[in-house]
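Observations on the model geometry
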Amino acid sequence: MPATVMDKDSMREAYQDVRDDSSDTIWATFGYQENNLVHLSSGSEFEQFREQFNDDGRIFGFLRVTAGDELSKRSKFILITWVGENVSPLKRAKAGTDKALVKQVIQSIATEIMTSDLADIDLDFIMDEVKKAGGANYGTGVRN
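Structure report, in brief.

Reading guide: rules and limits
Residues numbered from 1 in each chain as written. Predicted model: local features only at pLDDT ≥ 70, side-chain atom pairs only at ≥ 80, totals over all residues. Heavy atoms only, no water. Helix = DSSP H or I, 4+ residues; strand = E, 2+ residues; numbered from the N terminus. Expected span 1.5 Å × (residues − 1). Bend = angle between axes of the 7 residues up to and from the residue. Buried < 20%, exposed > 50% of the residue type's maximum accessible area, 1.4 Å probe, protein only. Core = buried A, V, L, I, M, F, W, Y, C linked by side-chain atoms within 4.5 Å. Contact = heavy atoms within 4.5 Å. Phe/Tyr/Trp six-rings, centres within 6.5 Å; stacked < 30°, edge-to-face > 60°. Lys NZ or Arg CZ within 6 Å of the ring centre and 35° of its normal. Axes fitted to C-alpha atoms, helices over the stretch in contact; angles between N-to-C directions. Parallel < 35°, antiparallel > 145°, perpendicular 65-115°, else oblique. Left-handed = near helix turned anticlockwise from the far one by under 90°. Salt bridge = Lys/Arg side-chain N within 4 Å of Asp/Glu carboxyl O. Lys, Arg positive; Asp, Glu negative; His and termini not counted.

**A few points about helix H3 (residues 89-105)**
Here H3 contains 17 residues, and its C-alpha end-to-end distance of 25 Å stays within 8% of the 24 Å for a straight helix at 1.5 Å per residue. Residue aspartate 98 marks the point of greatest curvature in H3, where the axis turns by about 30 degrees. Those residues of H3 that fall on the buried side of the exposure criterion are Lys94, Ala95, Asp98, Lys99, Val102 and Val105.

Below, the structure written as structure tokens:
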């Protein structure tokens, strides 16, 4: 399988747009066009983000969420590596190694999720993962 070529400029631009708190863009997806790793799409609605993932795809999703307690809200960033159930073993392995290329552009993430289960592309699940990655969870709410 030929080496992956990455369109760093378009990927970096999409990454910066998601990281910009003044932007409405909260997600970007990156994936393959032949052997090229490119920016696929971006958007402002979580449901649109979720629709990007399917059983035939190899997708790297970058998502911004707001987390924290009632006194301190912060943007947190998540990298999702998706390899669909119908992806061949060779392409599955290639996505795993290409994640290192993606991380040359996508840096400073709160947590990373690797999945092929659409149930994991759920905002409640993702927020739980962000909370777990954040360590201490202070707040004035009720303790469990």
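**Brief notes about the nonpolar core**
The biggest cluster of nonpolar side chains holds 19 residues, and the ones touching the most others in it are Met11, Phe30, Leu37, Phe60, Phe62, Val102 and Ile106. Only helix H1 (8-19), strand E2 (27-33), strand E4 (58-69), strand E5 (72-83) and H3 provide two or more residues apiece to this core. If one sorts the elements of this core by residue count, H1 sits on top with four residues. Leave out the neighbours within four places in its chain, and valine 102 touches Met6, Met11, Leu37, Phe60 and Leu79. Among the nonpolar cores identified, the runner-up in size contains 17 residues, and Trp27, Phe53, Leu63 and Met127 belong to it.

**Considerations on the packing of aromatic side chains**
Across all of its chains, the model carries seven aromatic pairs by this definition. Arranged with centres 6.5 Å apart and planes meeting at 55 degrees, the rings of tyrosine 32 and phenylalanine 60 form a pair that is tilted. Of this pair, tyrosine 32 sits in strand E2 while phenylalanine 60 sits in strand E4; the two residues are 28 residues apart in sequence, bridging distant segments of the chain. Accessibility expressed as a relative area gives 1% for phenylalanine 60, which makes it buried. Members of the aromatic cluster, joined through ring pairs, are Trp27, Phe46, Phe49, Phe53 and Trp82. Stacked on the ring of phenylalanine 77, the Lys or Arg arginine 19 has its end atom at 4.3 Å from the ring centre. Positioned over the ring face of tyrosine 32 is arginine 58, at 3.7 Å from the centre of the ring.

**Here we look at the packing of H1 against H3**
Where H1 meets H3, the axes come as close as 9 Å, and the angle between the chain directions of the two elements is 60 degrees. Between H1 and H3, the interaxial angle falls into the category oblique. When the axes of H1 and H3 are compared, the crossing they make is right-handed. For the pair H1 and H3, contact is made by Lys8, Met11, Arg12 and Tyr15 and by Val102, Gln104 and Val105, respectively.

**A short note on the pattern of salt bridges**
Counting across every chain of the model gives five salt bridges. Of the charged contacts in the structure, one is a salt bridge between aspartate 21 and arginine 64, with a shortest N-O distance of 3.5 Å. Of this pair, aspartate 21 sits in the loop between H1 and E2 while arginine 64 sits in strand E4, placing them 43 residues apart in sequence. Residue classification places aspartate 21 among the exposed positions, given a relative accessible area of 57%. Among the ionic pairs, lysine 103 bridges to glutamate 112, the shortest N-O distance being 2.7 Å. Salt bridges sharing partners connect three or more residues here, namely Lys99, Lys103 and Glu112.

**Notes on the side chain of aspartate 120**
Take aspartate 120: it is sitting in the loop between strand E6 (111-115) and helix H4 (123-134). Within the buried core, aspartate 120 has no salt-bridge partner, and the shortest N-O distance to an opposite charge, that of arginine 50, equals 8.8 Å. The residues contacting aspartate 120, other than those within four sequence positions of it, are Thr115, Phe125 and Ile126.

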